[in-house]
Amino acid sequence: KENVTVTSQERLKEIAENINPVIVNFYTMPNGTSGPFYQDAYSLGSGFVLTSDGWIMTTQKVMDRIKDKDYLILTANYQVYQPIKLLKDPISPIVFVKIKANDLPVVKLGDIQNAISGQKVYGFIAAYPISKIASLHLADLQASILEDVVASSEKFSQLVSVREGYDPSLLGSPIVNLSGEIIAI
């Protein structure tokens, strides 16, 4: 039996290598822009690949920034997709966007119920060619219990807030634990 020590920098690099391919960014359709349209200044927010067949998860706040504009979704490998379907969760601020794609990379979703206040987590912000990482701490975990949701659902969702305050560049970004699992958005 051998003990192996992994530094936090090594672990974070490993997590980033796994998370970066699933992060997507939302942009309005290019209209006479000079240079690549996927510059940070043109970004409307992030999301992540939920399923290998093209379902993307983001937030209503990202969609609010898009409004009625036509938009594109750019994956980490610079593939550009147009949305073909949009589903809004009627209760939470989660939005699912379908793109026509197959064999997209996905990562494991973690269980927020295993998280604790004060836990270190990371927000991954879509930026090309690699994502930017924001170090965060969970400040508050609040379970929302709704009486009118399907009887089998006792806990509907958990509200996650971070101590560092709101950073607009984190809009729609996956929040990842040290196990490399997405636990929030």
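Predicted model only: the values in this text are computed from it and were never measured.

**As for the overall build of the chain**
Counting its secondary structure elements, the chain contains two helices and twelve strands. Counting only residues that meet the buried cut, the chain has 39% of its 185 residues in that class. Of the contacts made within the chain by residues no fewer than 6 positions apart, 61% connect residues no fewer than 24 positions apart. Carbon and sulfur atoms provide 50% of the accessible area of the chain, an area that totals close to 10,900 Å².

**Examining the nonpolar core**
Ranked by size, the top nonpolar core spans 31 residues in total, and within it Ile19, Phe26 and Phe124 carry the most contacts. Judged by nonpolar contacts, the second largest core, of six residues, contains Ile112, Ala115, Val121 and Ile183.

**Notes on unusual backbone geometry**
The phi dihedral of lysine 67 falls on the positive side, at around 55°, and the residue is not glycine. Of note, lysine 67 is situated in the loop between helix 2 (60–66) and strand 4 (71–75). Given a relative accessible area of 64%, lysine 67 falls into the exposed group. The phi dihedral of aspartate 103 falls on the positive side, at around 60°, and the residue is not glycine. Locating aspartate 103 in the fold gives a position in the loop between strand 7 (94–99) and strand 8 (120–125).

**Points about the sheet that holds strand 2 (residues 43–49)**
The seven strands lie next to each other as 5-4-1-2-3-7-6, forming an open sheet whose pairing is antiparallel. Each having just a single partner strand, strand 5 (80–81) and strand 6 (83–88) make up the two edges of the open sheet. Both strand 3 (residues 55–59) and strand 7 contribute to a ladder of five bridges, which runs antiparallel. When the bridges of strand 7 are listed, threonine 58 appears paired with valine 95.

**Brief notes about the side chain of serine 43**
Assignment of secondary structure puts serine 43 in strand 2. Here the side chain of serine 43 touches asparagine 25 through a polar contact of 2.7 Å, side chain to side chain. Side-chain polar atoms of serine 43 contact the backbone nitrogen of glycine 45, separated by 3.3 Å. With near-sequence residues (within four places) excluded, serine 43 lies in contact with Asn25, Phe26, Tyr27 and Arg65.

**Observations concerning the packing of aromatic side chains**
The final tally for this structure, using the stated rule, is one aromatic pair. Between phenylalanine 26 and tyrosine 71 the ring centres are 5.9 Å apart and the planes differ by 40°, which places this aromatic pair in the tilted class. Taken together, the residues span a long stretch of sequence, with phenylalanine 26 in strand 1 (residues 23–28) and tyrosine 71 in strand 4 at a distance of 45 residues. By relative accessible area, which is 0% here, phenylalanine 26 ends up buried.

**Looking at the confidence of the model for the chain**
Averaged over all residues, the pLDDT of the chain equals 77, while 70% of them reach at least 70. Within the chain, the lowest mean pLDDT, 53, falls on strand 10 (residues 157–162), and the highest, 95, falls on strand 6. Scored below 50 in pLDDT, residues 143–157 makes 14 contacts in the model with residues more than four places away or belonging to other chains.

**Describing the environment of serine 179**
By the secondary structure assignment, serine 179 is in the loop between strand 11 (175–176) and strand 12 (182–184). Separated by 69 residues in the primary sequence, serine 179 and glycine 110 place their C-alpha atoms 8.4 Å from one another.

**Considerations on the pairing of strand 4**
Looking down a regular strand, the side chains alternate between one sheet face and the other. Taken across its five residues, strand 4 has five buried, putting it largely inside the fold. Residues of strand 4 alternate between two faces, with Tyr71, Ile73 and Thr75 on one and Leu72 and Leu74 on the opposite face, all of them buried. Summarising the sheet, strand 1 and strand 4 pair through five bridges and their orientation is antiparallel. Each residue of the ladder has a partner; that of asparagine 25, found in strand 4, is leucine 74. With two bridges joining them, strand 4 and strand 5 adopt antiparallel strand pairing. Opposite leucine 74, over in strand 5, you have valine 80 as the bridge partner.

Quick notes on the rules
Residues numbered from 1 in each chain as written. Predicted model: local features only at pLDDT ≥ 70, side-chain atom pairs only at ≥ 80, totals over all residues. Heavy atoms only, no water. Helix = DSSP H or I, 4+ residues; strand = E, 2+ residues; numbered from the N terminus. Buried < 20%, exposed > 50% of the residue type's maximum accessible area, 1.4 Å probe, protein only. Contact = heavy atoms within 4.5 Å. Areas by Shrake-Rupley, 256 points an atom, 1.4 Å probe, with all protein chains shown as cover. Core = buried A, V, L, I, M, F, W, Y, C linked by side-chain atoms within 4.5 Å. Pairing = 2+ DSSP bridges. Polar contact = N/O pair within 3.5 Å; in protein donor to acceptor, adjacent residues only side chain to side chain. Phe/Tyr/Trp six-rings, centres within 6.5 Å; stacked < 30°, edge-to-face > 60°. pLDDT = per-residue confidence, 0-100.

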